[in-house]
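Coordinate inspection notes
What follows is the residue order along each chain.
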Amino acid sequence: MRYLKLLAIFYKNCLLTDLEYRANFVMNLLTSVFWVGFSLIGIGVFFHQRATIGSWNYDKALLVVGLFVLFEGLIDSLFTPNIQRMVEEIRLGTFDFVLTRPVNSQFLATLRYFSPWKLANVAMGAAICRTALNRLQVSPSLAQLAAGSALMASAVVIAYSLWLLMLTTAFWFVRIDNITELFWAVYETGRFPVSVYPGWLQGVLSFVIPVAFITTFPAAAVLGKVGAATVFEGLALAAALFTASTLFWRFALRHYSSASS
Amino acid sequence: MIRSYIALIKAYWQVVLEYRAGMVIWILSNTLPLVMLAVWLALAAEGPVGRFDAEEFIRYYLILLLVRQMTTVWVVWDLDREIRLGELSPKLLRPIDPIHQHVAFNWADKLFRLLTVVPLIAMVLAATGAWPEQAGAGRLLLFAASTLAAWTLRFLSQFSIGTLSFWITQSLALNELFYAGLLMLGGVIAPLDLFPDLVRQWATYLPFRYMLSLPVEILLGRLSPSDLALALAMQALWLLLWFTAYRLLWKAGLKRYGAVGA
């Protein structure tokens, strides 16, 4: 409960700070709209040439794009501000201030900062998903919605764990502020349904760097193409990755020789 | 001038070697052409798309990856930071124009890529039998010259956007819009030949094609002589335009920078 209250205070603080910079808001909104348009043109070009890719047609691929944009918005607003700050703080030695606070350091380091303007992407992503479902004239059943939600929740945890794993390496490779670029480069594959890629790549994208669980599988669940096995795989993967990343974080902290001590 | 460049490049080569982990990450993050290749290959599995069959797609995207690796520019971020935080001031005291430092850093990085990733891509091209046929010395030379021009165009345009930081705080956001244009009309999302005619006309007049797609088109050898002449002329024209923009913006910006009492 205490942590939830703290989270509320953090987010309110960030929102108030960002409201001071209104020009930023306009520019961010424009850029977001632009990139969403770009994603749509991207799949538009492909389906201009062919009616289907595998079993996915334009409207189904639209659902994947919607989820891609939605998650991009979530990650950019909840996690990314913290990554940049933390890498900088480790480099400057001010990370000690995070460690000396009477709260769990992982909680503080990964969730303190929040970028409200990126939530526009979440809204746009949700709108695209809505449009896609309408065009398909599909009303997901309760079970399908539950499966989709479970997979989306595990997707958030998976994305968080992957970020945390990458972020923890900053304790050793101090100048890795561009590690986020590597994540985004791999995340780009999530724009398209994973069945588009050759078999071996599908395996990699499902279990090694589970991008498929972030965009394709939630979309497939809502469309009723996914069985209970996949949902359990997603939840198990999320739990496993979260545990692994938390353990790695604790390991890193034990071996952290900070700037002063 | 040559001596100062050699000295600068030596210095930045040390920096590149020091941050080789970061450099490798930048190289590895350049995967979008490969992602697009995977998607287009899936489409081409049922038959050629336009005049592109599977082999042609592989050829196109591997060469595009090579050109992209050799034309990456990040100067807008450095400039934005230098202007905003006042780091530009010590650089202005030096006897050479600050732009040369940025050029030298970029060239040191390109040297790194020339030694690491370019041979790798060339080997993959040879191994998959995708090396463009009848690519004689003349075409290779033109390809190299066009790639150099593409780099210059990209550098000058990003530098000009960076100088806007003298006036506004959102130059990075503007650069993002420009970058999206490059992805679309520079041949990354799809080879420009696969776009409808109207889009291709736009692509001929905008600078994006000349920053990435043109060298690839040249090496693939599918441009008719008249198309080639027009394309090279447009590339030269855009080079002139961006160079002029850079000079004007830089001079005006420095005056403003001085006025704020840096």
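Residues numbered from 1 in each chain as written. Chains lettered and ligands numbered in written order. Predicted model: local features only at pLDDT ≥ 70, side-chain atom pairs only at ≥ 80, totals over all residues.

A tally of helices and strands in chain B yields twelve helices and zero strands. A compact globule built from 262 residues should have a C-alpha radius of gyration of about 18 Å, and chain B, at 19 Å, falls within 12% of that. With respect to the three principal axes, the spread of C-alpha positions in chain B is 65 × 40 × 30 Å. By the burial criterion, 36% of the 262 residues in chain B qualify as buried. Taking as baseline every contact in chain B between residues at least 6 positions apart, the subset at least 24 positions apart corresponds to 80%. (Helix = DSSP H or I, 4+ residues; strand = E, 2+ residues; numbered from the N terminus. Rg over C-alpha atoms; globule rule 2.2 N^0.38 Å. Buried ≥ 20, exposed ≤ 12 C-beta atoms within 10 Å, placed from the backbone. Contact = placed C-beta atoms within 7 Å.)

When helices and strands are counted, chain A shows twelve helices and two strands. Of the regular secondary structure in chain A, the N- to C-terminal order runs α-α-β-β-α-α-α-α-α-α-α-α-α-α. For chain A, the C-alpha radius of gyration of 19 Å lies close to 18 Å, the compact-globule estimate for 261 residues. Put simply, chain A has 261 residues, and 38% of those count as buried. The long-range share in chain A, meaning contacts at least 24 apart out of those at least 6 apart in sequence, stands at 81%.

Moving on to the nonpolar core. Counting residues in hydrophobic clusters, the biggest one holds 125 residues, and the most contacted among them are Phe71(A), Ala159(A), Met36(B), Val39(B), Tyr61(B), Ile63(B) and Ala150(B). In terms of residue count, the dominant contributor to this core is helix 3 (residues 58–78) of chain A (13 residues). Ignoring sequence-local partners within four residues, the contact set of Ala150(B) consists of Val67(B), Thr71(B), Tyr210(B), Met211(B), Leu212(B), Leu214(B) and Pro215(B). One finds Tyr12(B), Val103(B), Ala104(B) and Phe105(B) within the second-largest nonpolar core, a separate group that totals five residues. (Core = buried A, V, L, I, M, F, W, Y, C linked by C-beta atoms within 7 Å.)

Residues and elements named next belong to chain A. One can describe the packing of helix 3 onto helix 7 (residues 119–136) by two numbers: an axis separation of 7 Å at closest approach and a directional angle of 165°. Our classification of the angle between helix 3 and helix 7 gives roughly antiparallel. Where helix 3 crosses over helix 7, the handedness of that crossing is left-handed. Here the contact of helix 3 with helix 7 is composed, by residue class, of 17 nonpolar, six polar and five charged. (Axes fitted to C-alpha atoms, helices over the stretch in contact; angles between N-to-C directions. Parallel < 35°, antiparallel > 145°, perpendicular 65-115°, else oblique. Left-handed = near helix turned anticlockwise from the far one by under 90°. Nonpolar A, V, L, I, M, F, W, Y, C, P; charged D, E, K, R; others polar.)

A common measure of how large an interface is: the accessible area buried when the components associate. Residue-level contacts link 24 residues of chain B with 27 residues of chain A. Elements with a contribution of two residues or more to the side of chain B that touches chain A: helix 2 (20–28), helix 3 (32–44) and helix 9 (171–185) of chain B. The element that contributes the greatest number of residues to the side of chain B that touches chain A is helix 3 of chain B, accounting for six residues. Its residues placed into classes, the side of chain B that touches chain A shows 19 nonpolar, four polar and one charged.

Moving on, we come to the packing of helix 3 of chain B against helix 4 (residues 54–70) of chain B. Residues and elements named next belong to chain B. Running from amino to carboxyl end, helix 3 crosses helix 4 at an angle of 170°, the nearest separation of the two axes being 10 Å. One element, helix 3, and the other, helix 4, form an angle in the roughly antiparallel class. Facing Pro33, Leu34, Met36, Leu37, Trp40, Leu41 and Ala44 of helix 3, the residues of helix 4 in contact are Ala54, Phe57, Ile58, Tyr61, Leu64, Leu65 and Arg68. Residues of the contact of helix 3 with helix 4, tallied by class, amount to 13 nonpolar, no polar and one charged.

Now for the confidence of the model for chain B. Residue and element names in this part refer to chain B. Mean pLDDT over chain B works out to 87, with 98% of the residues at or above the 70 mark. Model confidence for chain B, summarised as mean pLDDT per element, is weakest for helix 2 at 81 and strongest for helix 8 (residues 137–163) at 93. Taken together, the chains of this predicted complex give a pTM of 0.84 and an interface ipTM of 0.75. (pLDDT = per-residue confidence, 0-100.)

Turning to the confidence of the model for chain A, a few remarks are in order. Close reading of the predicted structure is inappropriate where its pLDDT is low. In this model, chain A carries an average pLDDT of 82, and 97% of its residues clear a pLDDT of 70 or more. Looking at the elements of chain A, mean pLDDT is at its lowest for strand 1 (residues 52–53) of chain A, recorded as 74, and at its highest for helix 12 (residues 228–254) of chain A, recorded as 88.

The subject of this paragraph is the environment of Leu165(A). Residues and elements named next belong to chain A. Position of Leu165 relative to the elements: it lies in helix 8 (residues 142–168). Using a count of 16 C-beta atoms within 10 Å as the deciding quantity, one classes Leu165 as partly exposed. Residues Leu165 and Gly73, spaced 92 residues apart in sequence, show a C-alpha to C-alpha distance of 20 Å. Apart from residues no more than four positions distant in its own chain, Leu165 is found in contact with Ser245 and Phe248.

A word on the environment of Asp80(B). Residues and elements named next belong to chain B. For Asp80, the location among the structural elements is in helix 5 (residues 75–85). Residue classification places Asp80 among the buried residues on the basis of 20 C-beta atoms within 10 Å. Separated by 79 residues in the primary sequence, Asp80 and Phe159 place their C-alpha atoms 9.6 Å from one another. When sequence neighbours within four positions are dropped, the list of residues in contact with Asp80 reads Gly162, Ser165, Ser171 and Leu172.

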